[in-house]
Amino acid sequence: MKLRAAVILAAGEGSRLWPFNEVRQKCAFPIAGVPLVRRLAEDLVRLGVGEVAVVVGPGEASVRHALHGLVPQPLIVRQPAGTTGSASAAVAGIGALPGEPEAVLILHGDLCTSPDNLRALVDAAEAADCQAAALVQPLGAERSGDWICAATSGGRLEGVWGHPRGGSQRLAGAYVFRQDAFAALRDNPGLVTGVEVGGMPPLEADLAASLQLLLDDGVEVLAVEATGFHVDVDRPWHLLEANARLLEHLSSQLEGDRIHPTARVDDSAEVKGRLMLGPGACVGRRCVVGGDLWLGAGASVTNGAILKGRAHLGPEAVVRDHALLGENGSLGRAALMGHGAEMDGVVLERAYLYHYCEISGVVGAAVDFGAATVCGTLRFDDANPAHLVKGRREVPPSDGGCSFFGDYSRTGVNSIIMPGVKVGIYSCVGPGVLLKEDLPNRTLVQVHQELETKPWGPDRYGW
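The structure reproduced in this document is the subject of the present report.

The rules behind the values
Residues numbered from 1 in each chain as written. Predicted model: local features only at pLDDT ≥ 70, side-chain atom pairs only at ≥ 80, totals over all residues. Heavy atoms only, no water. Helix = DSSP H or I, 4+ residues; strand = E, 2+ residues; numbered from the N terminus. Rg over C-alpha atoms; globule rule 2.2 N^0.38 Å. Buried < 20%, exposed > 50% of the residue type's maximum accessible area, 1.4 Å probe, protein only. Contact = heavy atoms within 4.5 Å. Areas by Shrake-Rupley, 256 points an atom, 1.4 Å probe, with all protein chains shown as cover. Lys, Arg positive; Asp, Glu negative; His and termini not counted. Charge placed at Lys NZ, Arg CZ, Asp CG, Glu CD. Phe/Tyr/Trp six-rings, centres within 6.5 Å; stacked < 30°, edge-to-face > 60°. Lys NZ or Arg CZ within 6 Å of the ring centre and 35° of its normal. Polar contact = N/O pair within 3.5 Å; in protein donor to acceptor, adjacent residues only side chain to side chain. Disulfide = S-S within 2.5 Å. Salt bridge = Lys/Arg side-chain N within 4 Å of Asp/Glu carboxyl O. Patch = residues over 30% accessible without salt bridge, like charges linked within 9 Å, V, L, I, M, F, W, Y side chains within 5 Å. Pairing = 2+ DSSP bridges. Right-handed = clockwise from strand over helix to strand, strands pointing away.

## With respect to the overall build of the protein chain
Working step 1: Per the secondary structure count, the protein chain includes seven helices and 38 strands.
Working step 2: In terms of C-alpha radius of gyration, the protein chain reaches 24 Å, essentially the compact-globule figure of 23 Å for 463 residues.
Working step 3: Projected onto its principal axes, the C-alpha coordinates of the protein chain cover approximately 100 × 60 × 40 Å.
Working step 4: Counting the 463 residues in the protein chain, one finds 54% classified as buried.
Working step 5: For the protein chain, restricting intrachain contacts to residue pairs at least 6 apart in sequence, the fraction spanning at least 24 positions comes to 48%.
Working step 6: Summing over all exposed atoms, the protein chain offers an accessible surface of approximately 20400 Å²; the carbon and sulfur share of this is 51%.
Working step 7: Averaging the coordinates of the 40 positive side-chain charges in the protein chain and doing the same for the 53 negative ones gives two points 4 Å apart.

Structural data, given as C-alpha cells:
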C-alpha cells in the first residue's frame, strides 16, 4: 500500500475554543504565524501526499483564506447539509478525491503536531497489513473525561471509549483508512456507542465509532504512538500549549543564524539565541534577546525592549521602548508592544499593547488595550480557575489563569481582568472595571461610581 491521498477535516463549529472560533474556523487559527490547517497541508506536501481534500462547513471563508496560494491547491469540499461528525466529513472528502485512492490519511484540521508523527503513522500503515491505523497519545495531565480514549496492546487498538472516567491514552486525530475499510466510515452508527453507563454521547457520526466498528468486525487496527510534540487545539488554553511546543520544535531544527542582508542587529544588543531575521528586520540598541528569535519582514525589536526567551514576530510587528515579551511569545503581523507593556502568550495581527499594561494569555486580532490594563494570573489560593466551556465547568491542567481576548475587543484604562476570564469578540471592558466573569460577544461593561461632594477648605482644619 502506498499512501498518496489525504483528507483534512475542517468543518466543525469549534465552539469549545470560544471566543476565537467566532471570526474564523478554529483550524484557521495561526500558530507562530501559520494557520493550523495550512501547516498540516504543507506537511502533507513534504510527505509526498499529492492529493488533498479539505472538508469545510461553518467558517469556510477563513479556511479558504488560510490555504490561499498553497501549491498544489487542495480540493475544498463542503460537508453535505444534514450530516454531522468527522466520519460523515471524511466520507465527503474521500468521495471528492480523484480516482479511487488505495488508502487515505485523515487528519483533524485543528492539530498542531510534529511532522515526525505524521511520518510515523504513514510509514507504519504502509508497512503493516492492516485496514486502518490510528495515532494515539498519552493523556498526561489532562483528564480522560475530556477526550475519546483508546485502549491499546502490542501496537494494536483494542477499544475506543468516549469520555471515560479512567484512561491513559486518547485518539490523537490522525488516521489511515485503507479502501477496504471505507465502509466503516459510511456505516458509522451516528454516535460513539462505547460509553460508560450513564454517559450521554451526542448524535454525531464521530470517526472513533468507525474504528470501533472495525474492531467489532474482528479487523486489526494499528495503534501508533505520537513521539513528537502533539497538541489537539480544542480549548483556548491549548493555543498557548501549541505555540510553545511548536516554537520549541522549530528551535530544535535550527543550525545557526539566518539573517537577511537587509536586516540589522545593533552592536549594543544582547543576543543569547539564534536569529532568523527577514528582509528589513531590526534588533536595535540596548535590546535583550533571551532565546531564538524569528522576525518577519520589517519586524523590529528596538530601544531597550526585552525578549525573555524564544519569540516569534510576524511581518511588521514591533516590540519597542522597554516593553517585555515573555518566553515563547508570539506576535502576529503588525502587532505592537509599546512603552512598558508586558505580554506573556500569543498576540494576533494588529493588536495594540501601546502603553503600560500587563497581559497574559491569548489576544485576538486588532485588540486595543487601554493603558494600565492588568491581567491577574494567580488566585489567592493558587488554584487553577474553572472555565465554562459550552456551559460545562473545566479546570485546565495548565495556563488556566491566563486571560483570553476575542478579536476586535478592547479595554479602557485601568481595567483589571481576573484569572481565567474570557472577553468575547466586539466587546469592551470599560475604564476601571474589575472583570470577574466571562464577557459575552458584542457587550460593553462599565463602572458606575457614586460620588459625594461637600464643601471643604482651611476652616475644616481650625483656621
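Read on for the rest.
## Some thoughts on the packing of aromatic side chains
Working step 1: One pass over the full model with this rule turns up six aromatic pairs.
Working step 2: An angle of 75° between the planes, with centres 6.5 Å apart, marks the rings of Phe-20 and Phe-404 as edge-to-face. Remark: Phe-404 occurs in strand β32 (residues 403–405) and Phe-20 occurs in the loop between β1 (5–10) and β2 (30–31); sequence separation between them is 384 residues. In this pair, the class of Phe-20 matches that of Phe-404, namely buried.
Working step 3: Plain terms: the ring middles of Tyr-352 and Tyr-354 are 6.0 Å apart, the flat faces sit at 15° to each other, and that makes the pair stacked.
Working step 4: Through pairs of rings, three or more aromatic residues link up here, namely Phe-20, Phe-29 and Phe-404.
Working step 5: Note that Arg-170 overlies the ring of Trp-147, its terminal NZ or CZ placed 4.0 Å from the centroid.
Working step 6: Positioned over the ring face of Trp-147 is Arg-235, at 5.6 Å from the centre of the ring.

## Here's the deal with helix α6 (residues 207–216)
Working step 1: Within α6, eight of the ten residues are buried, leaving the element largely enclosed by the surrounding structure.
Working step 2: Between a side-chain oxygen at the N-terminus of α6 and the backbone nitrogen of Ala-208 the separation is 2.8 Å; the capping residue is Asp-206.
Working step 3: Once α6 finishes, Gly-218 follows within two positions and takes phi at roughly 80°, a positive value.

## Some words on the state of the cysteines
Working step 1: One pass over the structure, following the stated rule, counts zero disulfides.
Working step 2: In this structure Cys-402 is a free cysteine whose sulfur lies 8.5 Å from that of Cys-375, the closest cysteine sulfur available.

## Some points on the side chain of Ser-251
Working step 1: Considering the arrangement of structural elements, one finds Ser-251 in helix α7 (residues 236–252).
Working step 2: Residue Ser-251 is classed as buried on the basis of its relative accessible area of 5%.
Working step 3: Setting aside residues up to four positions removed in sequence, Ser-251 forms contacts with Arg-274, Asp-292, Trp-294 and Arg-310.

## As for the pattern of salt bridges
Working step 1: According to the stated counting rule, one finds 26 salt bridges in the structure shown.
Working step 2: With its nearest N and O atoms 2.7 Å apart, the salt bridge here joins Arg-16 to Asp-234. Remark: Asp-234 occurs in the loop between β13 (230–232) and α7 and Arg-16 occurs in the loop between β1 and β2; sequence separation between them is 218 residues.
Working step 3: In this structure Asp-234 comes out as buried when scored by relative accessible area, which is 6%.
Working step 4: Look at the salt bridges and you will find they share partners, linking Arg-16, Lys-26, Asp-110, Asp-146, Asp-234, Arg-235, Arg-392 and Glu-394 into a network.

## Quick notes on a nonpolar patch on the surface
Working step 1: Where nonpolar side chains cluster on the molecular surface, the patch consists of Val-23, Tyr-408 and Tyr-426 and spans about 260 Å² of accessible area.
Working step 2: If you trace the backbone, Tyr-408 turns up in the loop between β32 and β33 (410–411).

## A short note on the pairing of strand β10 (residues 156–162)
Working step 1: Relative to β10, strand β9 (residues 148–153) is paired through six bridges, and the arrangement is antiparallel. Across the sheet, Ala-151 pairs through a bridge with Gly-159, a residue of β10.
Working step 2: Counted along the chain from β9 to the antiparallel partner β10, the turn is two residues long, and its residue Gly-154 has a positive phi close to 60°.

## Quick look at the sheet that holds β33
Working step 1: Strand order in the open sheet made by the three strands is β33-β36-β38, with parallel pairing throughout. Both outer strands of the open sheet, β33 and β38 (444–445), are each paired with one neighbouring strand and no more.
Working step 2: The pairing of strand β36 (residues 428–429) with β38 spans two bridges and is parallel. Paired with Val-429 across the strands is Val-445, a residue of β38.

## Concerning the pairing of strand β5 (residues 75–78)
Working step 1: Relative to β5, strand β4 (residues 51–56) runs parallel, the two being bridged by four bridges. Looking at β5, one finds that Val-55 is bridged to Val-77.
Working step 2: The parallel pair β4 and β5 is bridged by helix α2 (residues 60–66), and the resulting crossover is right-handed.

## Some words on the environment of Pro-74
Working step 1: Tracing the backbone shows Pro-74 in the loop between α2 and β5.
Working step 2: Residues Pro-74 and Val-7, 67 residues apart in the sequence, show an inter-C-alpha distance of 9.4 Å.
Working step 3: Non-local contacts of Pro-74, meaning those with residues more than four positions away in its chain, are made with Val-52, Val-54 and Leu-67.

All we've got here are geometric facts, nothing functional implied.
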